[in-house]
Amino acid sequence: MAQTNTIGVVGSGQMGSGIAQLAAVHGFHVWLLDSDPDALTGATKTISDSIRRLVSKGHLSQAVGTDALGRLRCTSNLEDLCSADFIIEAIVESEDVKKKLFSELDKIVKVSAILASNTSSISITRIASATSRPRQVIGMHFMNPPPIMKLVEIVRGADTSDETFNATKALAERFGKTVVCSQDYSGFIINRILMPMINEAFFTLYTGVATKEDIDTGMKLGTNHPMGPLELADFIGLDVCLSIMKVLHAGLGDSKYAPCPLLVQYVDAGRLGRKRGIGVYNYQKLPEAIKPLPRL
């Protein structure tokens, strides 16, 4: 398989922009693609600000930061990815949307290119089925935020080749990451364990066992977690948490993975967490147009 020099990242949200920054800082030419030009403008500012902070703290030299920004190009044209050696998809957590994208990429990118998904829960085998190159499709799940978190979870689909796996693992290690490997089961390793914990925290709040503050403080100080589960859910996005719980419930067929009704209600109410300014917690002191949800 050809050496990786150019990386394409599809999706310029929090994960996509973080992955693009990581790749550029580590010497790769990067195409960051998003269908929304305004999103690309915002992502470019986010990446520039992040690199500036890293330089100011001494984590990066000014030269490395400047060079990284020079290697980053933005586009809304999928065909610009035709020269990429390795594509990392970081779009919405929807199987249908991902399969459509992978089918389109399959027709555009070079024959040798690897197609990786940053999905946190969706079957790599099913995503790969939308392409003519299932041996070159793999899961490459970064933790949030990608420039800081040390872990990458690699997931092999049913047909992923050893060559694809080895190339992906080598790329993650070049990014300075530690790799864990998962079989292609719903939720993989991290979210198979993490999301039921978050869901149980919602049940603990829903049934009136404790306040949100006591639940989070208890888990931070009692189990040495850096964030409480409800605070973490707000950071991830409650809609993302709900989507993953639905994948787990459907894929594993066990009632213990059923999403907590309170989590569903928060998402239905638009209380999605930090990105909306309000979730379990109110981050911008927004007017409570959405009234606090009742407990049982």
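Please read these numbers as outputs of a predicted model, since none were measured by experiment.

1. Considerations on the packing of aromatic side chains
Then step 1. Counted by the stated rule, this structure contains five aromatic pairs.
Then step 2. On the numbers, 5.8 Å between centres and 80° between planes, the contact of Phe-28 with Phe-175 is edge-to-face. Taken together, the residues span a long stretch of sequence, with Phe-28 in the loop between helix 1 (14–25) and strand 2 (29–33) and Phe-175 in the loop between helix 6 (162–174) and strand 8 (178–182) at a distance of 147 residues. Accessibility classification places Phe-28 together with Phe-175 in one group, the buried group.
Then step 3. Ring centres of Phe-203 and Tyr-206 lie 6.4 Å apart, and the angle between their planes is 65°; on these two criteria the pair is classed as edge-to-face. Taken as a pair, Phe-203 and Tyr-206 lie in helix 7 (residues 190–206) at a separation of three residues, close to a single helical turn.

2. With respect to helix 7
Then step 1. The terminal C-alpha atoms of helix 7, which comprises 17 residues, lie 24 Å apart, in line with the 24 Å expected from a rise of 1.5 Å per residue.
Then step 2. Every buried residue belonging to helix 7 is among Asn-191, Leu-194, Met-195, Ile-198, Asn-199, Ala-201, Phe-202, Leu-205 and Tyr-206, and all of these are buried. For helix 7, the angular spread of the buried residues around the axis is 150°, confining them to a single face.
Then step 3. Directly beyond the C-terminal end of helix 7, a positive phi value near 75° is found at Gly-208.

3. Overview of the nonpolar core
Then step 1. One finds Ile-7, Met-140, Phe-142 and Phe-175 to be the most contacted residues of the largest nonpolar core, which totals 36 residues.
Then step 2. When residues of this core are assigned to their parent elements, the largest contribution, seven residues, is made by helix 1.
Then step 3. Apart from residues no more than four positions distant in its own chain, Phe-175 is found in contact with Ile-7, Leu-22, Ala-23, His-26, Phe-28, Met-140 and Phe-142.
Then step 4. Judged by nonpolar contacts, the second largest core, of 26 residues, contains Phe-202, Leu-263, Val-267 and Tyr-281.

4. Re helix 6
Then step 1. Between its first and last C-alpha, helix 6 extends 18 Å over 13 residues, near the 18 Å set by a 1.5 Å rise per residue.
Then step 2. When helix 6 is considered as a whole, its buried residues turn out to be Thr-164, Phe-165, Thr-168, Leu-171 and Ala-172. The buried residues of helix 6 occupy one face: seen down the axis, they fall within an arc of 130°.
Then step 3. The secondary structure elements touched by the buried residues of helix 6 are strand 1 (6–10), strand 4 (86–89), strand 5 (114–117), strand 6 (137–142), strand 7 (151–156) and strand 8.

5. Side note on the environment of Gly-65
Then step 1. Structurally, Gly-65 is set in helix 3 (residues 62–70).
Then step 2. Overall, the relative accessible area of 1% leaves Gly-65 in the buried class.
Then step 3. Residues Gly-65 and Lys-150, spaced 85 residues apart in sequence, show a C-alpha to C-alpha distance of 20 Å.

Parameters and conventions
- Residues numbered from 1 in each chain as written.
- Predicted model: local features only at pLDDT ≥ 70, side-chain atom pairs only at ≥ 80, totals over all residues.
- Heavy atoms only, no water.
- Phe/Tyr/Trp six-rings, centres within 6.5 Å; stacked < 30°, edge-to-face > 60°.
- Helix = DSSP H or I, 4+ residues; strand = E, 2+ residues; numbered from the N terminus.
- Buried < 20%, exposed > 50% of the residue type's maximum accessible area, 1.4 Å probe, protein only.
- Expected span 1.5 Å × (residues − 1).
- Arc of directions from axis to C-beta.
- Core = buried A, V, L, I, M, F, W, Y, C linked by side-chain atoms within 4.5 Å.
- Contact = heavy atoms within 4.5 Å.

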